[in-house]
Amino acid sequence: MAKIKLEYIWLDGYEPTQNLRSKTKVEEHENFKGTLEELGNWSFDGSSTKQAEGGSSDCLLVPVAIYPDPTRINGYLVMSEVMYADGAPHPSNGRATIDDDNDDFWFGFEQEYFIMDTKTLLPLGFPVGGYPAPQGMYYCSVGGKNTHGRKLVEEHADLCIAAGLNFEGINQEVACGQWEFQLFAKGAKKAGDEIWIARYLLDRLTEKYGYYIEYHPKPLGDTDWNGSGMHANFSNNVLRTCGDQATYERICEAFRPVTAEHIAVYGAYNDLRLTGKHETASIHDFSYGISDRGASIRIPLITVQKGWKGWLEDRRPASNGDPYKIAARIIKTVKSAL
């Protein structure tokens, strides 16, 4: 028999932005294979996470995905949904709202973020009381003058790959101390699971560096510095195979009348980022265009070159958005056009 460490991970009930929570359950197993079928439900004190009242505080954790924990011996990361005691989804459970049981929808998320110094409370590379050199030389840079935080970013990439996530890349972003990683999954729920696990690994990793991660979409306020997004690249079988420009345009147009509904779940404080500047469309407008990074939805050039077979990119989601809720809203809108 071996002692297995199971890290149950869930989202709390804080608004407007939920936080990751986790706790460890140690169990004895013989020949543990790391499957969901070997796991049981657990519970937690919902009154401490704004998900229940003290008089009836138990909430259920129902495992939905399991990954090896590369930092622990016999350790596993268990992504969990929050349920009421009767098994009904908790209102904070965005995963339960996704209508994609057959995994027809594929998502690739581009997660931007700032690495912050816990001592200065500033992004890496920012001097106390001032600013570094203006934007221009940080994007995809190399060298100690313009590149800050690479050691943490590389270690995070290794952890994600070792955990079995479909991790697709990293790059330094436009602002000083700003980075991005990319994940892709076939199935909206799996895509959300993997973004949350990747965020968990990143947040936990900062504990040994004296850093923290800032997911706010505009942490530097109304300045000439880029904000952070989480661009959502998405497709379903129709988009991947239709070969028809009119179908693509019909799907894009379906987003126009429900712009407010999308913005409502695309992350808090996104109005500070979606200004029409810094590679964003205005939050007050809706647009789409081929290879247009200033549009709400970009039609990738490669999609057109392949005869209108590919995917779309919604550039509006904020870096602090919940990928479950973002995917659920995109799926609902795409299905309304078909």
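Residues numbered from 1 in each chain as written. Predicted model: local features only at pLDDT ≥ 70, side-chain atom pairs only at ≥ 80, totals over all residues. Heavy atoms only, no water.

Let's talk about the layout of surface pockets
Logical step 1: When its volume is computed, the largest pocket comes out at roughly 590 Å³.
Logical step 2: Taken together, 29 residues form the lining of the largest pocket, with Pro 16, Thr 17, Gln 18, Asn 19 and Asn 320 sitting closest to its centre.
Logical step 3: Every element with two or more residues in the lining of the largest pocket is listed here: helix H2 (188-205) and strand E9 (211-214).
Logical step 4: Of the residues contributing to the lining of the largest pocket, the split by class is 12 nonpolar, nine polar and eight charged.
Logical step 5: In terms of domain composition, the lining of the largest pocket takes at least three residues from each of domain 1 (2-94) and domain 2 (106-336).
Logical step 6: Every element with two or more residues in the lining of the second largest pocket is listed here: strand E6 (106-117) and strand E8 (178-186).
Logical step 7: For the lining of the second largest pocket, the residue count by class is two nonpolar, eight polar and 10 charged. (1 Å grid on protein atoms, 1.4 Å probe; cavity = no way out; pocket = protein on both sides within 12 Å on 5 of 7 lines; lining within 4 Å. Points joined across faces, edges and corners; volume = space filled by probe spheres on them. Helix = DSSP H or I, 4+ residues; strand = E, 2+ residues; numbered from the N terminus. Nonpolar A, V, L, I, M, F, W, Y, C, P; charged D, E, K, R; others polar. Domains from an automatic or database assignment.)

Brief notes about the nonpolar core
Logical step 1: Ranked by size, the top nonpolar core spans 64 residues in total, and within it Phe 107, Tyr 113, Leu 312 and Ile 330 carry the most contacts.
Logical step 2: In terms of residue count, the dominant contributor to this core is H2 (10 residues).
Logical step 3: Built from parts of two domains, this core gets at least three residues from each of domain 1 (2-94) and domain 2 (106-336).
Logical step 4: Sequence-distant contacts of Tyr 113, that is, excluding residues within four places in its chain, are made with Val 153, Gly 177, Gln 178, Trp 179, Glu 180, Phe 181, Leu 202, Ile 213, Glu 214, Tyr 215 and Ser 228.
Logical step 5: Core analysis: the second largest hydrophobic core is formed by 13 residues, Leu 6, Tyr 8, Cys 59 and Val 78 among them. (Core = buried A, V, L, I, M, F, W, Y, C linked by side-chain atoms within 4.5 Å. Buried < 20%, exposed > 50% of the residue type's maximum accessible area, 1.4 Å probe, protein only. Contact = heavy atoms within 4.5 Å.)

A look at the packing of helix H4 (residues 245-255) against helix H7 (residues 323-336)
Geometrically, a packed helix pair is captured by the angle between its two axes and the distance between the axes.
Logical step 1: Two elements in contact, H4 and H7, have axes separated by 8 Å at closest approach and are oriented at 125 degrees. Considered as vectors, H4 and H7 are oriented oblique to each other. H4 and H7 meet at a crossing whose hand is right-handed. Of the residues in H7, those in contact with Ile 251, Ala 254 and Phe 255 of H4 are Ile 330, Thr 333, Val 334 and Ser 336. (Axes fitted to C-alpha atoms, helices over the stretch in contact; angles between N-to-C directions. Parallel < 35°, antiparallel > 145°, perpendicular 65-115°, else oblique. Left-handed = near helix turned anticlockwise from the far one by under 90°.)

Describing the UniProt feature "domain: GS beta-grasp" (unreviewed entry) in the protein
Logical step 1: According to UniProt, the "domain: GS beta-grasp" (unreviewed entry) feature falls on residues 4-87.
Logical step 2: Helix makes up 0% of residues 4-87 and strand 50%. Its end C-alpha atoms lie 26 Å apart. (UniProt positions renumbered as here; feature names shortened; annotations may be inferred.)

Comments concerning the pattern of salt bridges
A side chain of one charge can pair with a side chain of the opposite charge if their charged atoms are brought near each other.
Logical step 1: Counted by the stated rule, this structure contains 14 salt bridges.
Logical step 2: Residue Arg 21 is joined to Asp 12 by a salt bridge in which the shortest nitrogen-to-oxygen separation is 3.0 Å.
Logical step 3: The class of Arg 21 is partly exposed, set by a relative accessible area of 26%.
Logical step 4: For Asp 12, a relative accessible area of 0% gives the class buried. (Salt bridge = Lys/Arg side-chain N within 4 Å of Asp/Glu carboxyl O.)

Brief notes about the pairing of strand E7 (residues 167-172)
Logical step 1: The pairing of E7 with E8 spans five bridges and is classified as antiparallel. For Ile 170, the partnering residue across the bridge sits in E8 and is Phe 181.
Logical step 2: With antiparallel pairing between neighbouring strands as the criterion, E7 and E8 make up a hairpin whose turn holds five residues, including Gly 177 at a positive phi of roughly 80 degrees. (Pairing = 2+ DSSP bridges.)

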